[in-house]
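Read off the chains here:
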Amino acid sequence: MSRIPAADGVLDAGYVDALGIRVHCELQRLGEELQSGRRVAALLMPLIAKLRGPGGGGAIRVVDVGCGLGSVVRWLAATSALGPDVELVGADLNPVLVAEASRLTEREGLSCWFVRGDAFEPGMAVKDGARTVVMSSGLMHHLPESGLPGFFAAQGRLGVAAFAHWDIAPCLWSTLGAWVFHQARMREPVSRHDGVLSARRAHPAMILEAAARVGAPAYEARVLEGPRWHPRALDVLRPIVGIRA
């Protein structure tokens, strides 16, 4: 913190905003190395196929809450992995990240968009809950255990068709692995620091599933875990998936 410019004990807002973008650029590179876009698409495609159904219907929408720079949404848009009939929307509470994600989208010529919004009130990005899938990547470890039921409840109130939230899988190696990886791959000191803390804050599967049952009881939710004792690097992020019963 001593390296961040400040005046009278208040951090310089412009510097903090620029730092936030740099940190999220590093998170985007991490997501690319973990093949986040491909893995999200592989999981969502069967859900999207069910929503299409034999009789068609209105537009299908995927909403990424807490999207940061929108790297997953932009990857899905660039590859058309979910099909041309799927609307892709990212929502984040930070207006600086939303503006940068929108700038990158325009520069890359992609068909997706970003809005400022709260993960606990995602209605601003959801037009038709029954034809919407809400997702996130690396968000839930920022929430205390007491806040998880409310997070799932926000999606349940909107009646979304399904949710899929990826987060760090805590295990014997996650904290050590996070330290080694972030020391080797991240340039920003705050990225290295937060990467280790994120691994330590990650919620076990039983906590996530219990919170989903309390907050969104109308959904069948379970965590899709990888191998516990011999985890693959890609399994450092695993999803909890909920489908409306």
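Every value quoted in this text rests on a predicted model; they were computed, and no experiment measured them.

Q: Got a minute to help me understand a nonpolar patch on the surface in this structure?
A: There is a patch of nonpolar side chains on the surface, built from Leu 172, Trp 173, Leu 176, Trp 179 and Val 180 and spanning about 580 Å² of accessible area. By secondary structure assignment, the location of Leu 176 is in helix 6 (residues 174–185).

Q: I would appreciate a short explanation of the packing of helix 2 (residues 36–52) against helix 3 (residues 71–79) in the present structure.
A: Their axes nearest at 9 Å, the elements helix 2 and helix 3 cross at an angle of 70 degrees. By the criterion of interaxial angle, the relationship of helix 2 to helix 3 is roughly perpendicular. Judged by residue contacts, Ser 36, Gly 37, Arg 38, Val 40 and Ala 41 of helix 2 engage Val 72, Trp 75 and Leu 76 from helix 3. Along the lines of polarity and charge, the residues of the contact of helix 2 with helix 3 split into 5 nonpolar, 2 polar and 1 charged.

Q: Whenever I open this one, the pairing of strand 4 (residues 86–92) confuses me. Can you help?
A: Within a regular strand, the side chains alternate between the two sheet faces. Across the 7 residues of strand 4, 6 count as buried, placing the element largely inside the fold. Sheet topology places strand 3 (residues 60–65) next to strand 4; 6 bridges connect them, and they run parallel. Along strand 4, the bridge assignment pairs Asp 64 with Gly 90. Each parallel crossover has a hand, and the one from strand 3 via helix 3 to strand 4 is right-handed. Regarding topology, helix 4 (residues 95–108) serves as the crossover connection from strand 4 to the parallel strand 5 (residues 113–116), and that connection is right-handed.

Q: What exactly am I supposed to notice about helix 2 here?
A: Turn by turn, an α-helix covers 3.6 residues, leaving residues three or four places apart pointing in a common direction. Look at helix 2: 24 Å from first C-alpha to last across 17 residues, which is about the 24 Å you get at 1.5 Å a residue. At Leu 44, helix 2 shows its maximal bend, which comes to roughly 35 degrees, and the proline Pro 46 appears one to four places after that position. All of the buried residues in helix 2 are Ser 36, Gly 37, Arg 39, Val 40, Ala 41, Leu 44, Leu 47, Ile 48 and Leu 51. Once helix 2 finishes, Gly 53 follows within two positions and takes phi at roughly 60 degrees, a positive value.

Q: What is the right way to look at the side chain of Asp 64 in this model?
A: The residue Asp 64 is located in strand 3 in this model. Here Asp 64 is buried and forms no salt bridge, its nearest opposite-charge partner Arg 74 lying at an N-O distance of 9.5 Å. Residues contacting Asp 64, with those up to four places away along its chain left out, are Val 72, Val 73, Val 89, Gly 90, Ala 91, Met 135, Ser 136 and Ser 137.

Q: Would you mind going over the side chain of Gln 155 with me for this structure?
A: Assignment of secondary structure puts Gln 155 in helix 5 (residues 148–158). Polar side-chain contacts of Gln 155 include one of 3.0 Å to the backbone oxygen of Phe 151. Non-local contacts of Gln 155, meaning those with residues more than four positions away in its chain, are made with Val 134, Val 160, Phe 163, His 165 and Tyr 219.

Q: Explain the sheet that holds strand 9 (residues 237–244) to me, please; I cannot follow it from the model alone.
A: Sheet strands line up and pair through hydrogen bonds in the backbone, either parallel or antiparallel. The mixed open sheet is built from 7 strands, whose spatial order is 5-4-3-6-7-9-8. Two strands in the sheet have a free side with no partner beyond their single neighbour: strand 5 and strand 8 (219–223). Recorded for the sheet is a direction-independent mean angle of 20 degrees between the axes of neighbouring strands. As paired elements, strand 6 (residues 132–137) and strand 7 (residues 162–168) share 5 bridges and run parallel to each other. Considered in strand 7, the bridge of Ser 136 is made with His 165. Its contacts with the sheet place helix 4 against strand 4 and strand 5, and it is angled at close to 170 degrees to strand 5. Each of strand 3, strand 6, strand 7, strand 8 and strand 9 touches helix 5; the most contacted strand, strand 7, lies at about 160 degrees to it.

About the criteria used
Residues numbered from 1 in each chain as written. Predicted model: local features only at pLDDT ≥ 70, side-chain atom pairs only at ≥ 80, totals over all residues. Heavy atoms only, no water. Patch = residues over 30% accessible without salt bridge, like charges linked within 9 Å, V, L, I, M, F, W, Y side chains within 5 Å. Areas by Shrake-Rupley, 256 points an atom, 1.4 Å probe, with all protein chains shown as cover. Salt bridge = Lys/Arg side-chain N within 4 Å of Asp/Glu carboxyl O. Helix = DSSP H or I, 4+ residues; strand = E, 2+ residues; numbered from the N terminus. Axes fitted to C-alpha atoms, helices over the stretch in contact; angles between N-to-C directions. Parallel < 35°, antiparallel > 145°, perpendicular 65-115°, else oblique. Contact = heavy atoms within 4.5 Å. Nonpolar A, V, L, I, M, F, W, Y, C, P; charged D, E, K, R; others polar. Buried < 20%, exposed > 50% of the residue type's maximum accessible area, 1.4 Å probe, protein only. Pairing = 2+ DSSP bridges. Right-handed = clockwise from strand over helix to strand, strands pointing away. Expected span 1.5 Å × (residues − 1). Bend = angle between axes of the 7 residues up to and from the residue. Lys, Arg positive; Asp, Glu negative; His and termini not counted. Polar contact = N/O pair within 3.5 Å; in protein donor to acceptor, adjacent residues only side chain to side chain.

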